[in-house]
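# Structure assessment
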Amino acid sequence: MNSMNILIVGVGGQGTLLASKLMGKIFIDSGFDVKVSEVHGMSQRGGSVVTYVRAGEKVFSPVIDLGEADMIISFEALESARWLPYLKKGGTIISNTAQIDPMPVIMGNAQYPENVLGRIQDLGVKVVSADALSLAEQAGSAKAVNIVLLAIAAKELGISKEECLEAIRATVPQKTIEVNEKAFELGYNI
Amino acid sequence: MEKKLLLGNEAVAAGLYEAGVRVISSYPGTPSTEITEAASKYDEIYSEWAPNEKVAFEVAVGASFGGARSFCAMKHVGLNVAADPLYTASYIGVNGGMVCAVADDPGMHSSQNEQDSRHHAIAAKVPMLEPSDSADALFFTKYAYELSERFDTPVLLRLSTRISHSRSLVTLTGREEKELREYKRDVMKNVMMPAMARKAHAKVEARNKAITEWADGEAFELGINREELFSDEIGVIAAGSTYAYAREALGEKASYLKLGIVNPLPEKAIIEFSKKVKRLYVIEELDDIIETHCIKLGVSVIGREVFPPLGEYNQSLIAKAILGEAKETLSFDGEIPARPPVLCAGCPHRGLYYALKDMNLYVSGDIGCYTLGAQAPLSMMDTCVCMGASVSALHGFNTARGPESAKKSIAVIGDSTFMHSGITGLVDIVYNKGISTVIVLDNSITGMTGHQNNPLNGKTIKGDPTTAVNLEALAKAIGINRVRVVDPFDIKGTKQAVAEELQANEPSLVISRRPCALLKSVKHPAPLTVDFDKCVGCKACLKVGCPAISQKKQENGKTKAFIDPNQCLGCGVCVETCRLGAIKEI
């Protein structure tokens, strides 16, 4: 790997920041220069959120541009579609199958598109999807959705299990380590 | 020496620690907040949240008088509030070094305007440094204190969202303790009356010249300004985030003049650099300040004619403008509904807005989470200008339209915003015989910026107990006789109380009090669920705009309300909307 651009997208409050922090740490521990760009503030509140993780020999810009992402890790199906223009040709989407209706859909002013992930696949994009919420609940906490998705992405990227678990143990609060380890195993083995 | 992946803001905090800073006072504001949060973790530094940016700036000025290295941080619009002390502190200079960080928000991720704070540096005639990544942020912060003490000036550190909120590698060294400098009374230097200020102004003009020379010379030796020569065809002058975008987009197809000091700008260095390339671009987000400076120097550059004055830049915008390269991208075949931010499930503001929704009120709004109530379906805001304006602008509105207007209008303002600059507006109402009704949405925390303590919640920045301002007593002391406290989850009680206060022929303060649902100390009742036998799918519950409530198709094809148990916090506001009693505890 010479360089890696990963977009982590989802809905504010889903734990995308922890996922990007962990990704950043894993790449640093592998000896890369890393930049991670986060969204704080207003967008925390149920809005569409994005964080960028970039790794390479030397990274200048903190943001990933249109058509530059090797991978999009999406915490919600519709967000995979929203951020699709950022994916490189030949890139991969890791997506939660969860559907979270945005307010215009709740209000009946817009439609949530049918079969979002299938339609993305039809464009020739590799999509790896999973019901991350069920797996997280199985591990013991609905909050571990981020770790489940991180695990699927890590496997896809060929990052070793031990490397990831080490980063997780060093980053998450002590009392959640067990749940997160379990969530990681479940994600890694889908 | 330790290598770490730090946010730009955390790197500034590390720089403050290493520079031996002793006193920090700030007001939270995205994207600047994490600087002070991170700095408050160091025991060697005294840190505090001030009620507003003007107070924060003045505390830092006072600490500098007292001989300490001092600091304050704020967002771009916060510097407007602190502009008064800034402009005169420039004349006075410093004793202990003083730095103020100001974080701009190009693209307005979380702001009400897109102003360029470099104008303040120019107008106040103080030096301004601008880092391009976290390593710069650490180094520039530390060096800003050398500049401050050497040139006898406060220094501004300009950040932007992408620098503040991006993580990159920094190398940490240790703290270098700085002894308090001696304090000596010096009226000529520190008391700004006309006679002293005239002399001080002359000193400031000379200082500006001296720092320009520094920017042309030593700043290059230190690496704060830097030339990177690759091409004699294309040259780029950039600073901060735009240097990072340009360097990525153009690689070695261009030469760069990276500026770390953006006020005063170097002169000779720009002229020299312009001679080394055939085409010279200035890339700067927001206003064309460097470009105007180049024109003044007689250097011909391309800037605003190809780069927009709006929003954030990125690699492709620069590559397209300079190299004419455009990228092909994938796109989803179909409409993608927008996902705007919303009030969280369980948010007390929702209860208040829902209670008042049918009263057909003019709502004078303010800055905070509750500004989100302006959007459908709550649609409970008419205006929002700046911190504190809800109260004073309501007084203006009602003064223009007469006493009947005051009976159909309210101001909504959060607890922290009220302490920031709502109090003075309330004094104005009382003093000038207004009868307006002001509602303080007291959720015991500064919410939008990510949960900072404030003078009303009885906790310091470190979470230690302190004296809490008594809002009821404060209102009474100002001269408000009618002070009411309501629970925003008590929809009927809230509605009735506000209706009564609107009718009163004197000013009222209603305190809508319930802590933010996201506070760890708040215990929630069990989530609610929909009784599908009773629900007829009338959608009335959707009018509260709760992200936990949506519609779901049943197996029999009928659409009914659905409450997501993972999101619902059991606040019960939606229960009030259902005339069939279909929403119940699980």
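Predicted, not measured: the structure shown is a model, and the values here were computed from it.

Residue and element names in this part refer to chain B. A grouping of Val-187, Val-191 and Met-193 is seen on the molecular surface, where their side chains present a nonpolar patch of about 230 Å² in accessible area. Position of Met-193 among the secondary structure elements: in the loop between helix 9 (187-190) and helix 10 (194-216). On the basis of relative accessibility, which here comes to 48%, the residue Met-193 falls in the partly exposed class.

The next subject is the packing of aromatic side chains. Residue and element names in this part refer to chain B. In total, this model carries 11 aromatic pairs over all chains according to the counting rule given. With a centroid separation of 4.3 Å and 15 degrees between ring planes, the pair formed by Tyr-17 and Tyr-42 is classed as stacked. Of the two residues, Tyr-17 sits in helix 1 (residues 8-18) while Tyr-42 sits in the loop between helix 2 (33-39) and strand 3 (46-49), which places them 25 residues apart along the sequence. Judged by its relative accessible area of 18%, Tyr-17 is buried. Between Phe-230 and Tyr-256, the aromatic rings sit 6.3 Å apart at their centres with planes inclined by 75 degrees, giving edge-to-face as the arrangement.

What follows covers the packing of helix 7 (residues 134-151) of chain B against helix 10 of chain B. Residue and element names in this part refer to chain B. For the pair helix 7 and helix 10, the least separation of the axes is 11 Å and the interaxial angle reads 140 degrees. In terms of their interaxial angle, helix 7 and helix 10 are classed as oblique. Remark: the crossing between helix 7 and helix 10 carries right-handed chirality. Across the interface between the two elements, Tyr-143, Leu-147, Arg-150 and Phe-151 from helix 7 touch Arg-207, Ala-210, Ile-211 and Trp-214 from helix 10. Considered class by class, the residues forming the contact of helix 7 with helix 10 number six nonpolar, no polar and two charged.

Moving on, we get to the sheet that holds strand 2 (residues 23-26) of chain B. Strands belonging to one sheet form pairs held by backbone hydrogen bonds; the direction of such a pair is parallel or antiparallel. Residues and elements named next belong to chain B. Read across the open sheet, the seven strands follow the order 3-2-4-5-7-6-12; overall the sheet is mixed. In this open sheet, the two strands that pair with only one neighbour each are strand 3 and strand 12 (261-263). Helix 7 rests against strand 4 (70-75), strand 5 (98-104), strand 6 (128-129) and strand 7 (155-160) of the sheet, and its axis sits at about 160 degrees to strand 7.

Residues and elements named next belong to chain B. The sheet built from six strands is open, its strands ordered 15-14-16-17-19-18 with parallel pairing. Both outer strands of the open sheet, strand 15 (383-384) and strand 18 (482-486), are each paired with one neighbouring strand and no more. In the sheet, strand 14 (residues 362-365) pairs with strand 16 (residues 409-414) via three bridges, with the strands oriented parallel. Of the residues in strand 16, the one forming a bridge with Tyr-362 is Ser-409. Lying over the sheet, helix 19 (residues 415-431) contacts strand 16, strand 17 (437-442) and strand 19 (508-513), oriented at roughly 145 degrees with respect to strand 16.

Moving on to the interface of chain A and chain B. Many structure descriptions define interface size as the accessible area lost when the parts assemble. Each partner contributes to the interface: chain A provides 61 residues, whereas chain B provides 56 residues. Note on chain A versus chain B: buried area summed over both sides is about 4900 Å², and carbon and sulfur give 60% of it. Across the contact surface, chain A and chain B share seven salt bridges. The residue A:Glu38 makes a salt bridge to B:Arg167 at a minimum N-O spacing of 2.6 Å. Going through the elements one at a time, helix 1 (16-29), strand 2 (33-37), strand 3 (48-56), helix 2 (77-82), strand 5 (87-96), helix 3 (103-106), helix 4 (116-122) and helix 5 (132-139) of chain A are the ones with two or more residues in the side of chain A that touches chain B. At five residues, strand 2 of chain A tops the list of elements feeding residues into the side of chain A that touches chain B. Per-class residue counts for the side of chain A that touches chain B are 33 nonpolar, 11 polar and 17 charged. Alignment of strand 2 of chain A against strand 8 (residues 166-172) of chain B, held across three bridges, turns out to be antiparallel. In the strand pairing of strand 8 of chain B, A:Lys35 is matched with B:Ser168.

This brings us to the environment of B:Thr161. Residue and element names in this part refer to chain B. One can find Thr-161 in helix 8 (residues 161-164). Between the C-alpha atoms of Thr-161 and Ser-241, which are 80 residues apart in sequence, the distance is 9.0 Å. Not counting the four nearest positions on each side in its chain, Thr-161 is found in contact with Pro-31, Asp-104, Asp-105, Pro-106, His-109 and Ser-166.

Residues and elements named next belong to chain B. Taken as a whole, this structure holds 48 salt bridges over all chains when the rule is applied. The residue Asp-487 makes a salt bridge to Arg-514 at a minimum N-O spacing of 2.9 Å. One end of the pair, Asp-487, is in the loop between strand 18 and helix 21 (491-503); the other, Arg-514, is in the loop between strand 19 and strand 20 (528-530), and 27 residues separate them in sequence. By relative accessible area, which is 30% here, Arg-514 ends up partly exposed. Residues joined in a network through salt bridges with shared partners are Asp-104, Asp-116, Arg-118, Glu-130, Arg-158 and Glu-284.

All names here are of chain B. As far as domains go, chain B holds domain 1 (2-216), domain 2 (222-323), domain 3 (348-513) and domain 4 (528-585). Taking the mean C-alpha position of each, domain 1 and domain 2 sit 25 Å from one another. On the domain 2 side, the residues contacting the 32 residues of domain 1 number 30 residues. Taking both partners together, domain 1 and domain 2 bury about 2500 Å²; carbon and sulfur atoms supply 58% of that area. Connecting domain 1 to domain 2 are three salt bridges.

Glancing now at helix 10 of chain B. If you check helix 10 of chain B, its first and last C-alpha atoms are 33 Å apart, about what 23 residues at 1.5 Å a residue would give, namely 33 Å. Those residues of helix 10 of chain B that are buried lie in contact with helix 5 (83-92), helix 7, helix 9, helix 11 (218-222), strand 12 and helix 13 (268-274) of chain B.

One finds B:Leu356, B:Ile410, B:Val412, B:Ile439 and B:Leu509 to be the most contacted residues of the largest nonpolar core, which totals 68 residues. Composition of this core by domain shows at least three residues from each of domain 3 (348-513) and domain 4 (528-585) of chain B.

An α-helical turn contains 3.6 residues, so any two residues separated by three or four positions project in the same direction. Residue and element names in this part refer to chain B. Its 13 residues give helix 17 (residues 389-401) an end-to-end C-alpha distance of 18 Å, which sits within 8% of 18 Å, the value for a rise of 1.5 Å per residue. Among the residues of helix 17, those classed as buried are Ala-389, Ser-390, Val-391, Leu-394, His-395 and Asn-398. Each element contacted by the buried residues of helix 17 is listed here: strand 14, helix 18 (403-406), strand 16, helix 19 and strand 17. Remark: Gly-402 follows helix 17 within two positions and exhibits a positive phi of approximately 95 degrees.

Here we come to the pairing of strand 3 of chain A. Residues and elements named next belong to chain A. Summarising burial for strand 3: eight of the nine residues are buried, a large majority. Strand direction decides the pairing type here: strand 2 and strand 3, joined by five bridges, are antiparallel. Residue pairing in the sheet places Val-34 in a bridge with Ala-55 of strand 3.

All names here are of chain B. Examined against the element boundaries, Asn-453 turns out to sit in the loop between strand 17 and helix 20 (471-478). Separated by 2.8 Å, the side chains of Asn-453 and Asn-457 make a polar contact. Polar contacts involving the side chain of Asn-453 include one to the main-chain carbonyl oxygen of Thr-460, which spans 2.9 Å.

Looking now at unusual backbone geometry. Residues and elements named next belong to chain B. The linkage connecting Thr-30 with the following residue, Pro-31, adopts the cis geometry, with an omega of 10 degrees. Summarising the element assignment, Pro-31 is placed in the loop between strand 2 and helix 2. Cis geometry is found at the peptide bond from Asn-263 to Pro-264, where omega equals -10 degrees. Along the chain, the position of Pro-264 falls in the loop between strand 12 and helix 13. If you check the backbone angles, Lys-539 has positive phi at about 75 degrees while not being a glycine. Within the fold, Lys-539 resides in the loop between strand 20 and strand 21 (549-553). For Lys-539, a relative accessible area of 44% corresponds to the partly exposed category.

Parameters and conventions
Residues numbered from 1 in each chain as written. Chains lettered and ligands numbered in written order. Predicted model: local features only at pLDDT ≥ 70, side-chain atom pairs only at ≥ 80, totals over all residues. Heavy atoms only, no water. Patch = residues over 30% accessible without salt bridge, like charges linked within 9 Å, V, L, I, M, F, W, Y side chains within 5 Å. Areas by Shrake-Rupley, 256 points an atom, 1.4 Å probe, with all protein chains shown as cover. Salt bridge = Lys/Arg side-chain N within 4 Å of Asp/Glu carboxyl O. Helix = DSSP H or I, 4+ residues; strand = E, 2+ residues; numbered from the N terminus. Buried < 20%, exposed > 50% of the residue type's maximum accessible area, 1.4 Å probe, protein only. Phe/Tyr/Trp six-rings, centres within 6.5 Å; stacked < 30°, edge-to-face > 60°. Axes fitted to C-alpha atoms, helices over the stretch in contact; angles between N-to-C directions. Parallel < 35°, antiparallel > 145°, perpendicular 65-115°, else oblique. Left-handed = near helix turned anticlockwise from the far one by under 90°. Contact = heavy atoms within 4.5 Å. Nonpolar A, V, L, I, M, F, W, Y, C, P; charged D, E, K, R; others polar. Pairing = 2+ DSSP bridges. Buried area = accessible area lost by both parts, 1.4 Å probe. Domains from an automatic or database assignment. Expected span 1.5 Å × (residues − 1). Core = buried A, V, L, I, M, F, W, Y, C linked by side-chain atoms within 4.5 Å. Polar contact = N/O pair within 3.5 Å; in protein donor to acceptor, adjacent residues only side chain to side chain.

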